[in-house]
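Residues per chain, in single letters:
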Amino acid sequence: MNLIFLILISTVLHTSAIQSAYGRTSKFTSNETIETYRQRQDDATPPSILSWLQDGNIRFASGKANHGGYPRNTQRRMQIASQGQRPLAVVLSCIDSRTTPELIFDTSVGDLFTARVGANVVNDDIIGSVEIAVESGAKVVIILGHTDCGGIKGACSGLELGHMTQLLDRVKPAINSTNVRLDLNPELSMFVGERVVSNRRYIAEISHDNAEASAHQLLSRSSILREKFKSGEIVLISAVYNVETGFVTFNPQK
Ligand SMILES: [Zn+2]
């Protein structure tokens, strides 16, 4: 008897919780706001999305974040996006706790696809994830390195430990690229200074080249991304986030 009572009570509570959750959706979210959110992806162009991300980063870095502006209420946005996501961009970034793309571009839920892996390297699963994003309507692909990257520093110091060894191996070509680039540019080499792990300028230069290498790999290994890039359907660009200033510097588009 007690068991039947408990099951009955539990079913009633569960049902009312579901009704309550969906009830809030209809209360806060009109069809108009859902349509505005959906239409935004159709109307956006790669350059307009890039500007929107740059503006968001400026708001973040200057302490004026507003969760992407529309709608400012994150609960409303969550409920709108629950009816079907329409993100505008995909960001491949490092796992570093200071480089969360949704925060540093001042966006909200339903705005960005994000793929995160130590030192923002590329492997088959990352390529597949970025392909999912662009096939789902994302029109900008950002490969976001950052200053003071532990993965870059680990690779520079030759760290070999557990599964980190194979991850850091993927960074090593970028270290070579940076050294060659600095050898060819004595003025820059002088500005960067000592090529040691403790030199933040040197690590930042490698972060730049590592993000560029990941961008190049995405294009060379994925025919889906390559075709969309060539046709202008997507923009694919590398960038470096400065953990001290909060600003993202986009590398020139190739
Ligand atoms: Zn990192």
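These numbers come from a predicted model, not from an experiment. (Residues numbered from 1 in each chain as written. Predicted model: local features only at pLDDT ≥ 70, side-chain atom pairs only at ≥ 80, totals over all residues.)

### Some thoughts on the overall build of the protein
Looking only at helices and strands, one finds 12 helices and five strands in the protein. Out of the 254 residues in the protein, the part that is buried amounts to 37%. Long-range pairs, those at least 24 residues apart, make up 72% of the contacts in the protein between residues at least 6 apart in sequence. (Helix = DSSP H or I, 4+ residues; strand = E, 2+ residues; numbered from the N terminus. Buried ≥ 20, exposed ≤ 12 C-beta atoms within 10 Å, placed from the backbone. Contact = placed C-beta atoms within 7 Å.)

### Comments concerning the confidence of the model for the protein
Per-residue pLDDT for the protein has a mean of 89; in total, 87% of the residues score no lower than 70. The model gives residues 6-26 a pLDDT under 50, and that stretch makes three contacts with residues more than four places away or in other chains. (pLDDT = per-residue confidence, 0-100.)

### Things to note about the packing of helix 6 (residues 124-135) against helix 12 (residues 223-231)
In contact at an axis separation of 9 Å, helix 6 and helix 12 are set at 45 degrees when each is read in the N-to-C sense. One element, helix 6, and the other, helix 12, form an angle in the oblique class. Helix 12 is crossed by helix 6, and the crossing has left-handed handedness. Here Val 130, Glu 131 and Val 134 of helix 6 come into contact with helix 12, specifically with Ile 224, Leu 225 and Lys 228. Taken together, the residues that form the contact of helix 6 with helix 12 break down as four nonpolar, no polar and two charged. (Axes fitted to C-alpha atoms, helices over the stretch in contact; angles between N-to-C directions. Parallel < 35°, antiparallel > 145°, perpendicular 65-115°, else oblique. Left-handed = near helix turned anticlockwise from the far one by under 90°. Nonpolar A, V, L, I, M, F, W, Y, C, P; charged D, E, K, R; others polar.)

### Some thoughts on the nonpolar core
Ala 89, Val 90, Val 130, Val 140, Val 141 and Ile 142 are the most contacted members of the largest nonpolar core, which totals 52 residues. Of the residues forming this core, the biggest block, eight residues, is contributed by helix 11 (residues 200-221). For Val 90, the contacting residues outside a window of four places in its chain are Leu 112, Phe 113, Ala 115, Val 130, Ala 133, Val 134, Ala 138 and Val 141. (Core = buried A, V, L, I, M, F, W, Y, C linked by C-beta atoms within 7 Å.)

### What to know about the sheet that holds strand 2 (residues 112-116)
The five strands lie next to each other as 2-1-3-4-5, forming an open sheet whose pairing is mixed. This sheet does not close on itself; its edge strands, each paired only once, are strand 2 and strand 5 (248-250). Neighbouring strand axes in the sheet, compared pairwise and without regard to direction, differ in orientation by 25 degrees on average. By the bridge criterion, seven bridges tie strand 3 (residues 140-146) to strand 4 (residues 235-241) in an arrangement that is parallel. Residue pairing in the sheet places His 146 in a bridge with Tyr 241 of strand 4. Lying over the sheet, helix 3 (residues 46-61) contacts strand 1 (89-93), strand 3, strand 4 and strand 5, oriented at roughly 35 degrees with respect to strand 3. (Pairing = 2+ DSSP bridges.)

### Concerning helix 6
The periodicity of an α-helix, 3.6 residues per turn, causes residues three or four positions apart to be oriented the same way. Between its terminal C-alpha atoms helix 6 stretches 16 Å, which fits the 16 Å expected from 12 residues at 1.5 Å a residue. Those residues of helix 6 that fall on the buried side of the exposure criterion are Ile 126, Val 130, Ala 133 and Val 134. Buried residues of helix 6, viewed axially, fall in a sector of 95 degrees; they line one side. Facing away from the buried side of helix 6 by over 90 degrees, the exposed positions are Asp 124, Asp 125 and Glu 135. Of the surrounding elements, those touching the buried residues of helix 6 are strand 1, strand 2, strand 3, helix 11 and helix 12. (Expected span 1.5 Å × (residues − 1). Arc of directions from axis to C-beta.)

### Section: the pairing of strand 1
For strand 1, a buried count of five out of five residues is recorded, marking the element as mostly surrounded by other parts of the structure. Sheet analysis places strand 1 next to strand 2, joined by five bridges and oriented parallel. Bridging from a neighbouring strand, Val 91 pairs with Thr 114 of strand 2. Note: strand 1 against strand 3, five bridges, orientation parallel. Looking at the pairing, Leu 92 lines up with Ile 143 of strand 3.

### Comments concerning the environment of His 67
Within the element layout of this structure, His 67 appears in the loop between helix 3 and helix 4 (74-81). For His 67, a count of 19 C-beta atoms within 10 Å puts it in the partly exposed group. When the C-alpha atoms of His 67 and Thr 107 are compared, they prove to be 4.7 Å apart, with 40 residues separating the residues in sequence. Those residues in contact with His 67, other than ones at most four positions away along the chain, are Arg 72, Thr 74, Asp 106 and Ser 108.

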